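What follows is the residue order along each chain.
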Amino acid sequence: MVNNMKLEDMSNELFLCIWDQLLMVDVIYSFSNLNRRIDDMLLEFCGLYKELDLRYCSLSIFRYFSHQIVMKDEWRLNLTVLKIGTRYRCSQITLLADEVIKFFVKNSFIKQNKESNNSSRTLFHMITSLKKSRKPIFPQLNTLIVSQNTTMNENCRDIFLYAIACGSNLRTLKWITCSFQTHHSKSFFDWLFQCSINLNKFQFENPTSENGFELSYDHTLIKNYQSHQSLICLKINILNLSTLFVLFHYLPKLQSLDVYISDYIEAKDDLDEHLPKTINHSIELHTLKFRTLKIKGRGCYKIENLILRFVQSLENLSISMYHRCDDEPHLNYNGYYLSILCEKLKNLRSLNFAIQIQLFEKADRNIINDFTKTFSTPFWLNGPFGYKRVCVDFEQTYGLIQMFSLPYTFNDITLIHSIDLINIQFNTDLEENKRSQSLTQELKTLWSGMDRLFLPFDKNQILSSLFIQALQCSSTQNKILVFSQKRGIISENIANQIQLTHFNVLELGGSFDTNINYNLEGKFIFLFDDLREKIVNNEITFESTI
């Protein structure tokens, strides 16, 4: 008996060691159905298939799981978390949808329509029935995360919305689409306001290179939308402010909003034409994040008026914006205008911003100083946010004045940065009239928050050793470095002193012209020598962006 117990303990310990080294899906796939005891151990240590992340598994493993979670009741009835889809894998969405169709056809429609040989008609009736009955195939599912890497048709979309994501236990849906899928947006909005009665968090995004999703008030009336009483967190890419106001009207409990608006925001936009007179904006929004607003001229007042609708509740505000004032440069947004806005928000506790101003004149030192001084007032140095540090930079290639609150927090936005460090200023340095620490240390709070760093070059611009030294701080570990199509020149002997092997992805905009001498041969390869070795060992990604 003692020996048996020791053997039991050893096998349990061995199983736990394997569990620590493998993904959960690998463990389940490797050990399922070996014997009853192994299944019991999976039940004890893994929750027996309750939470599955299938995004990174192989095609054969995904086929196995997509069949098991649908056809095997102990899997299907207990599944609570499902994550599928990745840009590096096959179309997992289509494979899973096919299994769900087989399940419903096998269990319902063949019995009722034995004589029907029209598969398309059967599928149509099945989806129509699902929209009416709203009986989920995974009744315990509370979290669904989908990264769509290929286009899908309407049938596949409706299978996910009305057979998988329609359960009353669903609390979180995150859906990231690929390109050319905005035509599905109305169906997702219909599902949101007609089916997802208990959803708390909804994330719905498409590539930012495309127009965002659009929702009109007329459509909500035709579809008889009802106010959503449980949704509190929303992250979404939309087309315009009109869509945002419509969403506010039907989301009275919203507390956190993270939004990207693809259209330019202009003062001439007349929202009243598209919105009901009785629209209610008394939402107690606590967190508001704008991702890369594109604003023309006095359109900034539209955004300010929107923010001030939440003057009593807003606690956390993040703004990333590009402001273009063609004929009214005095309207260029700066620290002075931003401080006036924030002073009106009495409950504001945190503020983060990344502001780009388009200049139409060559910036000199005085212009940069003027922008920096707007962040050197008592509000920024000893105000409600304490000692708020701000980095001001002039990006020469695109003619942008850039103002970043530190630490930088917009990790999902590519950071564009000049390689001319002379144009970098900090609002706290103006107060002290000197740089308090090394530039590498001062830039650390800027590098730490970004995931992608884009370095644009003028033709034959010299990439100085000082700038590359600034990139070597620990905050740049595991980041993506992007070079523009125009190539610069690396200083002499730089490769003997500095390496950039801490970047895990290098992207080259466009392609190299072999007929041009970029003065990068030898030096460039040496800088990324360890990175090249990681590429060979499949530890790292090397991409060329066209």
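Before going into details, it helps to say that this report is about the structure given with it. Nothing here was measured: the structure is a model prediction, and the numbers come from that model. (Residues numbered from 1 in each chain as written. Predicted model: local features only at pLDDT ≥ 70, side-chain atom pairs only at ≥ 80, totals over all residues. Heavy atoms only, no water.)

Overview of the overall build of the protein
- The secondary structure content of the protein amounts to 20 helices and 20 strands.
- Of all 546 residues assigned to the protein, the portion counted as buried reaches 51%.
- When the accessible surface of the protein is split by element, carbon and sulfur atoms take 49% of a total near 26500 Å². (Helix = DSSP H or I, 4+ residues; strand = E, 2+ residues; numbered from the N terminus. Buried < 20%, exposed > 50% of the residue type's maximum accessible area, 1.4 Å probe, protein only. Areas by Shrake-Rupley, 256 points an atom, 1.4 Å probe, with all protein chains shown as cover.)

Quick word on the packing of helix H8 (residues 154–164) against helix H9 (residues 185–194)
- Two numbers describe how H8 lies on H9: the axes approach to 11 Å, and their chain directions differ by 10°. Between H8 and H9, the crossing angle belongs to the class labelled roughly parallel. Contacts between H8 and H9 involve Arg157, Leu161 and Tyr162 from the former and Ser187, Phe188, Asp190 and Trp191 from the latter.
- A class-by-class count of the residues in the contact of H8 with H9 yields four nonpolar, one polar and two charged. (Axes fitted to C-alpha atoms, helices over the stretch in contact; angles between N-to-C directions. Parallel < 35°, antiparallel > 145°, perpendicular 65-115°, else oblique. Contact = heavy atoms within 4.5 Å. Nonpolar A, V, L, I, M, F, W, Y, C, P; charged D, E, K, R; others polar.)

Considering the pattern of salt bridges
- Counted under the stated rule, the structure contains eleven salt bridges.
- Close ionic contact of Glu74 with Lys72 constitutes a salt bridge, the shortest N to O distance being 3.4 Å.
- The partly exposed category is assigned to Glu74, whose relative accessible area is 37%.
- Note on Lys72: relative accessible area 22%, which makes it partly exposed.
- A salt bridge links Asp258 to Arg291, with the nearest nitrogen and oxygen atoms 2.4 Å apart. (Salt bridge = Lys/Arg side-chain N within 4 Å of Asp/Glu carboxyl O.)

Details of helix H4 (residues 59–71)
- End to end, H4 covers 18 Å across 13 residues, agreeing with the expected 18 Å (1.5 Å per residue, within 8%).
- Among the residues of H4, Ile61, Phe62, Phe65, Ser66, Gln68, Ile69 and Val70 are the ones counted as buried. (Expected span 1.5 Å × (residues − 1).)

Thoughts on the pairing of strand S7 (residues 256–261)
- S7 sits mainly inside the fold: five of its six residues count as buried.
- Here strand S6 (residues 233–238) runs beside S7; their pairing, made up of six bridges, is parallel. Directly across from Ile236, in S7, lies its bridge partner Val259.
- A crossover connection joins S6 to the parallel S7 through helix H11 (residues 241–250); in handedness this β-α-β unit is right-handed.
- Sheet topology places S7 next to strand S8 (residues 287–296); five bridges connect them, and they run parallel. Across the sheet, residue Leu257 finds its bridge partner in S8, namely Leu288. (Pairing = 2+ DSSP bridges. Right-handed = clockwise from strand over helix to strand, strands pointing away.)

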